[in-house]
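Report on the structure
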Amino acid sequence: ETLDKGLEKTNTSFIAKLSKAVAGKSKVDDDVLDNLEEVLVASDVGVNTTLKIIERIEKRVERDKYLGTDELNKILREEIAGLLSETNTGEAVDFSIPTAKKPYVIMVVGVNGVGKTTTIGKLAAQFKKQGLKVVLGAGDTFRAAAIDQLQVWADRVDVPIIRQEMGSDPASVAFDTLKSAVSQDADVVIIDTAGRLHNKINLMTELTKIKRVMQKVVADAPHEVLLVLDGSTGQNAFEQAKQFTLATEVTSLAVTKLDGTAKGGVVIGISDQFQIPVKYIGVGEGIDDLQVFNKLEFVDSFFK
Ligand code: GDP
């Protein structure tokens with residue numbers, strides 16, 4: 001229910017555009033396919049994934065000779081669900097984490113402004129709600145505001161935060177955070193990092209160093225590298241996914257601000273193109289406005 005509410009804008013707009021694309025047509029022909037292609041691109045599904053979907057529908061038209069536009073909804077739904085299931089194999093249903101890893105270490109990456117801090121705060125709140133002991137690490141030492149904002153969330157959720165002054169070595173903050181987590185017997189650690197993309201080599205070097213130093217404390221850390229993307233930024237989100245996957249091994253995605261966009265299709269395109277599962281979606285600024293991504297619910301809401 002909340003998902004439907006959060007994604008209202010996405011749905012209305014996708015369905016409205018889709019109906020326009022097939023208006024006055026009873027069968028799927030080249031015209032309809034051209035219009036559909038436009039709708040998918042306009043919904044930020046991305047060109048490659050759009051072409052993949054169009055191709056699959058063309059194949060079905062070819063096979064069945066006739067495809068009514070009234071069936072298009074159902075078929076699109078199946079194709080999109082199919083694309084998402086190729087990446088989202090596990091059916092994540094809640095905010096649980098593997099308890100065998102203790103502490104479970106999540107390194108969070110992404111450029112400034114995408115909602116990284118907010119997502120960390122929301123996640124910390126969810127973990128704490130389950131009775132897990134959470135420690136935050138203020139690894140974005142490049143901006144004083146980033147440290148302060150994470151502090152605000154740590155206070156709000158009431159979890160410990162490890163921080164150093166602005167300009168200090170992020171790897172050193174990560175090291176301190178893990179040390180502290182181990183000594184407190186914490187269950188989960190969430191480490192923020194700086195998201196400067198202007199220098200790719202720097203980004204790669206920095207993230208690699210943070211990982212290496214963390215492994216001095218927890219040998220297989222980080223267990224998860226969560227890339228946060230702003231779902232309302234379309235092509236920028238694609239570009240960021242490209243840069244970050246080149247710089248480090250990204251294991252999961254959080255797509256934020258899906259409440260404020262008519263372009264939720266970015267979720268489909270990015271998870272298809274980069275073959276990384278979408279784990280969380282942000283649907284508002286509040287502490288509870290983070291949801292575990294459920295592909296079937298998402299596809300349904302896209303078509304409602
Ligand atoms: P950071 O620079 O990446 O750490 O970004 P912040 O976490 O500070 O978020 C930037 C802005 O986006 C803030 O005003 C947040 O409240 C807002 N924000 C974050 N996530 C969401 C979301 O899912 N929906 C909406 N509407 N706003 C969000």
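Keep in mind the model is a prediction, meaning the values are calculated, not measured. (Residues numbered from 1 in each chain as written. Predicted model: local features only at pLDDT ≥ 70, side-chain atom pairs only at ≥ 80, totals over all residues. Heavy atoms only, no water.)

This paragraph deals with the overall build of the chain. What the chain contains, in helices and strands, is 12 helices and eight strands. Relative to the 2.2 N^0.38 estimate, which gives 19 Å for 304 residues, the radius of gyration of the chain is 21 Å and therefore close to what a compact globule would have. If one aligns the C-alpha atoms of the chain with their principal axes, the spans along those axes are about 65 × 40 × 35 Å. Per-residue burial for the chain yields a buried fraction of 55% across its 304 residues. (Helix = DSSP H or I, 4+ residues; strand = E, 2+ residues; numbered from the N terminus. Rg over C-alpha atoms; globule rule 2.2 N^0.38 Å. Buried < 20%, exposed > 50% of the residue type's maximum accessible area, 1.4 Å probe, protein only.)

What follows concerns the site of the ligand. Around the ligand sit 18 residues in total, of which Gly113, Lys116, Thr117, Thr118 and Glu285 are the nearest. With respect to the ligand, the side chain of Asp259 contributes an N or O atom lying 2.8 Å from a nitrogen atom. Between an oxygen atom of the ligand and a main-chain N or O atom of Gly282, the distance comes to 3.3 Å. Protein contacts shield 79% of the accessible area of the ligand, which totals 590 Å² for the unbound molecule. Looking at which element gives the most residues to the shell around the ligand, the answer is helix α6 (residues 116-129), with four residues. (Near = heavy atom within 4 Å. Polar contact = N/O pair within 3.5 Å; in protein donor to acceptor, adjacent residues only side chain to side chain. Areas by Shrake-Rupley, 256 points an atom, 1.4 Å probe, with all protein chains shown as cover.)

You can see Asp230 is positioned in strand β5 (residues 224-230). For Asp230, the side chain forms a polar contact with the side chain of Lys257, separated by 3.3 Å. With residues up to four places along the chain from it excluded, the contact list for Asp230 reads Gly113, Val114, Ala237, Thr256 and Lys257. (Contact = heavy atoms within 4.5 Å.)

This part takes up the UniProt feature "domain: SRP54-type proteins GTP-binding" (unreviewed entry) in the chain. When the UniProt feature table is mapped to this numbering, "domain: SRP54-type proteins GTP-binding" (unreviewed entry) covers residues 277-290. Each end of residues 277-290 is marked by a C-alpha atom, and these two atoms are 16 Å apart; helix forms 0% of the span and strand 43%. (UniProt positions renumbered as here; feature names shortened; annotations may be inferred.)

Another aspect to go through is the sheet that holds strand β6 (residues 252-256). Strand order in this open sheet of eight strands is β3-β2-β4-β1-β5-β6-β7-β8, and the pairing throughout is mixed. Strand pairing shows two members of the sheet lacking a second neighbour, β3 (161-162) and β8 (290-292), which therefore form its edges. Note: strand β1 (residues 104-109) against β5, four bridges, orientation parallel. Bridging across to β5, Met107 finds its partner in Val225. Against the sheet, α6 engages β1, β2 (134-137), β4 (188-192), β5, β6, β7 (278-282) and β8, with an angle of about 175 degrees to β4. (Pairing = 2+ DSSP bridges. Axes fitted to C-alpha atoms, helices over the stretch in contact; angles between N-to-C directions.)

If you look at the biggest cluster of nonpolar residues, it comprises 99 residues, and the most contacted ones within it are Ile57, Phe127, Leu136 and Ile190. Excluding residues that lie within four positions of it along the chain, Ile190 makes contacts with Ile106, Val108, Ile120, Leu123, Ala124, Phe127, Val134, Val135, Leu136 and Gly137. (Core = buried A, V, L, I, M, F, W, Y, C linked by side-chain atoms within 4.5 Å.)

Let us now look at the pattern of salt bridges. Considering all chains together, one arrives at 20 salt bridges under this definition. For Asp272, the salt bridge is made with Lys52, and the minimal N-O distance between the two is 2.7 Å. Pair noted here: Asp272 is in helix α11 (residues 266-274) and Lys52 is in helix α4 (residues 47-64), with a separation of 220 residues, a long-range link. In this structure, Glu79 engages Arg56 in a salt bridge whose closest nitrogen and oxygen atoms are separated by 3.6 Å. (Salt bridge = Lys/Arg side-chain N within 4 Å of Asp/Glu carboxyl O.)

Attention shifts here to the environment of Ile210. Take Ile210: it is sitting in helix α9 (residues 200-214). Spatially, the C-alpha atom of Ile210 lies 9.4 Å from that of Pro222, the residues being 12 residues apart in sequence. In this view, Ile210 contacts Met107, Pro170, Ala171, Ala174 and Thr193; residues no more than four positions away in its chain are not counted.

This part is about a negative patch on the surface. Residues Asp30, Asp34, Glu38, Glu55, Glu58 and Glu62 make up a contiguous surface patch of negative charge. For the negative patch, the secondary structure elements donating two or more residues are α3 (30-42) and α4. Among the structural elements, Glu55 can be located in helix α4. Under the relative-accessibility criterion, Glu55 is labelled partly exposed at 48%. (Patch = residues over 30% accessible without salt bridge, like charges linked within 9 Å, V, L, I, M, F, W, Y side chains within 5 Å. Lys, Arg positive; Asp, Glu negative; His and termini not counted. Charge placed at Lys NZ, Arg CZ, Asp CG, Glu CD.)

Before going further, it helps to spend a moment on the pairing of β5. Where burial is concerned, most of β5 is hidden: seven out of the seven residues are buried. With five bridges joining them, β5 and β6 adopt parallel strand pairing. Within β6, the residue paired with Leu229 across the bridge is Val255. One crossover worth recording links β5 to the parallel β6 by way of helix α10 (residues 235-247), and it is right-handed. (Right-handed = clockwise from strand over helix to strand, strands pointing away.)

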